Amino acid sequence: MEQIKILIVDDEENIRNVIKEYAKVENYLTKEASDGKEALELIKNEPFDLMVLDIMMPKMDGLTLLNCIPKEKRVPTIILSARDEEIDKLDAFERGIDDYLCKPFSPKELMARMKAIIKRTRKEISIYTYKDLVINFSEHTMKIKNQEIKITPKEFEIMTYFIKNKKLAISREQLLNKIWGYDFYGDDRTVDTHIKMLRNNLGIYRDLIVTVRGIGYKFNDEE
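Residues numbered from 1 in each chain as written. Predicted model: local features only at pLDDT ≥ 70, side-chain atom pairs only at ≥ 80, totals over all residues. Heavy atoms only, no water.

J.: Where do I start with the sheet that holds strand S9 (residues 147–148) in this structure?
T.: The strands making up a sheet associate through hydrogen bonds between their backbones, and the pairing can be parallel or antiparallel. Spatially, the 4 strands line up as an open sheet ordered S6-S7-S8-S9, and their pairing is antiparallel. The sheet is open, and its two borders are formed by strand S6 (127–130) and S9, each paired with just one other strand. Strand direction decides the pairing type here: S6 and strand S7 (residues 133–136), joined by 4 bridges, are antiparallel. Counterpart to Tyr130 in the pairing with S7 is Leu133. Sheet strands in contact with helix H6 (residues 153–164) are S6, S7 and strand S8 (141–144), and its direction is about 105° off that of S7. (Pairing = 2+ DSSP bridges. Helix = DSSP H or I, 4+ residues; strand = E, 2+ residues; numbered from the N terminus. Contact = heavy atoms within 4.5 Å. Axes fitted to C-alpha atoms, helices over the stretch in contact; angles between N-to-C directions.)

J.: What exactly am I supposed to notice about the side chain of Asp221 here?
T.: Tracing the sequence through the fold places Asp221 in the segment after strand S12 (216–219). On the basis of relative accessible area, Asp221 is assigned to the buried category, the value being 14%. Non-local contacts of Asp221, meaning those with residues more than four positions away in its chain, are made with Tyr128, Tyr130, Lys166 and Leu208. (Buried < 20%, exposed > 50% of the residue type's maximum accessible area, 1.4 Å probe, protein only.)

J.: I would appreciate a short explanation of the environment of Pro153 in the present structure.
T.: Structurally, Pro153 can be placed in helix H6. A relative accessible area of 63% means that Pro153 is categorised as exposed. Sequence separation between Pro153 and His140 is 13 residues; the distance between their C-alpha atoms is 8.3 Å.

J.: Looking at this model, I keep getting lost on unusual backbone geometry. Mind explaining?
T.: Both trends apply: most residues other than glycine have a negative phi, and most peptide bonds are in trans. With an omega of -5°, the peptide bond running from Lys103 to Pro104 counts as cis. Mapped onto the fold, Pro104 is located in the loop between strand S5 (99–102) and helix H5 (107–121). At Lys131, a residue that is not glycine, the phi angle is positive and equals roughly 55°. The residue Lys131 is located in the loop between S6 and S7 in this model. Look at Asn146: it is not a glycine, yet its phi comes out positive at around 65°.

If you want it as structure tokens, here you go:
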């Protein structure tokens, strides 16, 4: 399963740091925003599994942010706010949040609530289909026109990572970190060689893997 991504939106840096440190213990990836406008741009450009959101912030407050997020980009959300009036909570829940925790808060309680929401909302992709290309993640198989294509475990991992991060530009460094598990030291030949083999195995669907000049690659299955 791909690593869980958390967006922390709060204008108080110390609060962002506390949440980030506890999230790191759980092996969650985190990104931060200090106001709603900054958070909205992040949400439009990449997927998140959960957002921890303050209400009172400059430029754009948390409740306004919830209204501005496109429906297809909605992120499961925990409000973390100093405002504990019942009317504020009701307003937040009516806007579709998943939980509400008042400041000051217990980081351990926040983590427990985050885990509960992630468990409930995160759905693992089991099968990917594009025309007559079928990838079964649980069986680790790839078929084209109902014929199984033999690919290496690393190629399958790369393909899985691409599909779960569709349309996002992925650097060679990211692929080395995620697939091979080591830092990038300029050895991009390993990645390029495996991409070449994967494209060859994809045959008529080789163009699904797009080269992004100066960055790396992305997977794009839009017609």
